[in-house]
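# A closer look at the structure
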Amino acid sequence: MNRIQEKLHTDHKLLSIYFTAGYPNLEDTTTIIERLEESGVDMLEIGLPFSDPLADGPTIQASSTEALKNGMTSELLFEQLKDIRKTVSIPLIIMGYFNPILQYGVEAFCEKCKAVGIDGLIIPDLPVDVYNETYKATFEKYGLINVLLITPQTSDERIRYIDSVSNGFIYMVSSASVTGGNSGFGTTQTEYFERIANLNLKNPQIVGFGISDQETFSQATKHAKGAIIGSAFIKHLKTHGITKIDEFTHNIRPVS
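None of these values were measured; they are calculated from a predicted model.

## Quick look at helix α11 (residues 231–240)
Every α-helical turn comprises 3.6 residues, leaving residues that sit three or four positions apart pointing alike. Of the positions making up α11, those classed as buried are Ser 231, Ala 232, Phe 233, Ile 234, His 236 and Leu 237. Elements that come into contact with the buried residues of α11 comprise β1 (14–20), α2 (29–38), α3 (58–70), β9 (226–229) and α12 (245–252). Directly after α11, the chain includes Gly 241, whose backbone phi takes a positive value near 65°.

Below you can see the structure in the form of structure tokens.
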């Protein structure tokens, strides 16, 4: 069983953190991963920086730009991660856009992911139909879960199709906006969370976009298995660097 699938079977609500590889400094990637696991985070999304990040808000865009200036590349990321499984056991997911993966070579990229211990990919601009018809067999060959996204505008029919193609969790985008664009959830989002819960999908959902503190984490996970925090953590890194990571995560989900 894939590490993501194992983690989804645990009883508690999952906290996943996104950060941009190579930010704030080029060599910070593995230290951030190790410290996030030590702080009790359940899963990590490692952002592969890209020059045209369509779904990312200004905070993550800026971190991506800085990481690229620092010299981060796909090949360097794999080099940084080559020994990560000697110290880290939680699921690791690479989140990035399809262009760099296509340029690297989809099968070669998947093969590298398996070699360093990556468990899944999130590729926001890879349509589910294209994935299902062209790339799903390759992902499965290398034991990778492709995490697909839904939004409040996604029809129930489309959601059920995405659910049928998925074999991990569904990334439930909280609103039709870029990352970091909201603070708190209103009635519209609460109704959306309830609508998806009532579909009784086979794959659990993890909410992303708009989660920044204990309150929004609690709201997001009332009907979902977990929540993802990105922009708020990037802001923390900008202010504190790689110090006080446990302080950040414990403010989201206090240690019991």
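So, next bit.
## Observations concerning the packing of aromatic side chains
A complete count under the given rule lists 10 aromatic pairs for this structure. Between the aromatic rings of Phe 78 and Tyr 104, the centroid separation amounts to 5.7 Å while the plane-to-plane angle is 65°, which identifies the pairing as edge-to-face. Placement of Phe 78 in helix α4 (residues 74–81) and of Tyr 104 in helix α5 (residues 98–104) is noted, with a sequence separation of 26 residues between them. On the accessibility criterion, Phe 78 (3% relative accessible area) is buried. Exposure remark for Tyr 104: the relative accessible area of 23% places this residue in the partly exposed category. Ring-pair connections join several aromatic residues into one group, and the members of that group are Phe 78, Tyr 104 and Phe 109.

## Side note on the packing of helix α7 (residues 128–141) against helix α8 (residues 156–165)
It is the contact of α7 with α8, at a shortest axis distance of 10 Å, that shows an interaxial angle of 20°. On the basis of the axis angle, α7 is roughly parallel to α8. When the axes of α7 and α8 are compared, the crossing they make is left-handed. Where α7 approaches α8, its residues Val 128, Asp 129, Tyr 131, Asn 132 and Lys 136 are matched on the opposing element by Arg 158, Tyr 161, Ile 162 and Val 165. In terms of residue class, the contact of α7 with α8 is made up of five nonpolar, one polar and three charged.

## Side note on the pairing of strand β2 (residues 43–47)
In terms of burial, β2 is a largely internal element, five of the five residues being buried. Here β2 shows two buried faces, one formed by Met 43, Glu 45 and Gly 47 and the other by Leu 44 and Ile 46. Across five bridges, β1 lies against β2 in parallel orientation. Note on β2: the bridge partner recorded for Phe 19 is Ile 46. Crossover handedness for the path β1 to α2 to β2: right-handed. Pairing of β2 with strand β3 (residues 92–95) involves four bridges; the strand directions are parallel.

## Here we look at the side chain of Lys 225
Inspection of the secondary structure puts Lys 225 in the loop between α10 (214–220) and β9. Although buried, Lys 225 forms no salt bridge, and the nearest oppositely charged side chain, Asp 11, lies 6.2 Å from it. Of note is the side chain of Lys 225, whose polar atom sits 2.4 Å from the backbone oxygen of Thr 10. Setting aside residues no more than four positions away along its own chain, Lys 225 makes contact with Leu 8, Thr 10, Asp 11, His 12, Lys 13, Leu 14, Pro 204 and Gln 205.

## Comments concerning the environment of Asn 25
With respect to the helices and strands, Asn 25 occurs in the loop between β1 and α2. Since its relative accessible area comes to 47%, Asn 25 is described here as partly exposed. Through-space distance from the C-alpha of Asn 25 to that of Asn 70 is 6.9 Å; in sequence the pair is 45 residues apart.

Cut-off values and rules
Residues numbered from 1 in each chain as written. Predicted model: local features only at pLDDT ≥ 70, side-chain atom pairs only at ≥ 80, totals over all residues. Heavy atoms only, no water. Buried < 20%, exposed > 50% of the residue type's maximum accessible area, 1.4 Å probe, protein only. Helix = DSSP H or I, 4+ residues; strand = E, 2+ residues; numbered from the N terminus. Contact = heavy atoms within 4.5 Å. Phe/Tyr/Trp six-rings, centres within 6.5 Å; stacked < 30°, edge-to-face > 60°. Axes fitted to C-alpha atoms, helices over the stretch in contact; angles between N-to-C directions. Parallel < 35°, antiparallel > 145°, perpendicular 65-115°, else oblique. Left-handed = near helix turned anticlockwise from the far one by under 90°. Nonpolar A, V, L, I, M, F, W, Y, C, P; charged D, E, K, R; others polar. Pairing = 2+ DSSP bridges. Right-handed = clockwise from strand over helix to strand, strands pointing away. Lys, Arg positive; Asp, Glu negative; His and termini not counted. Salt bridge = Lys/Arg side-chain N within 4 Å of Asp/Glu carboxyl O. Polar contact = N/O pair within 3.5 Å; in protein donor to acceptor, adjacent residues only side chain to side chain.

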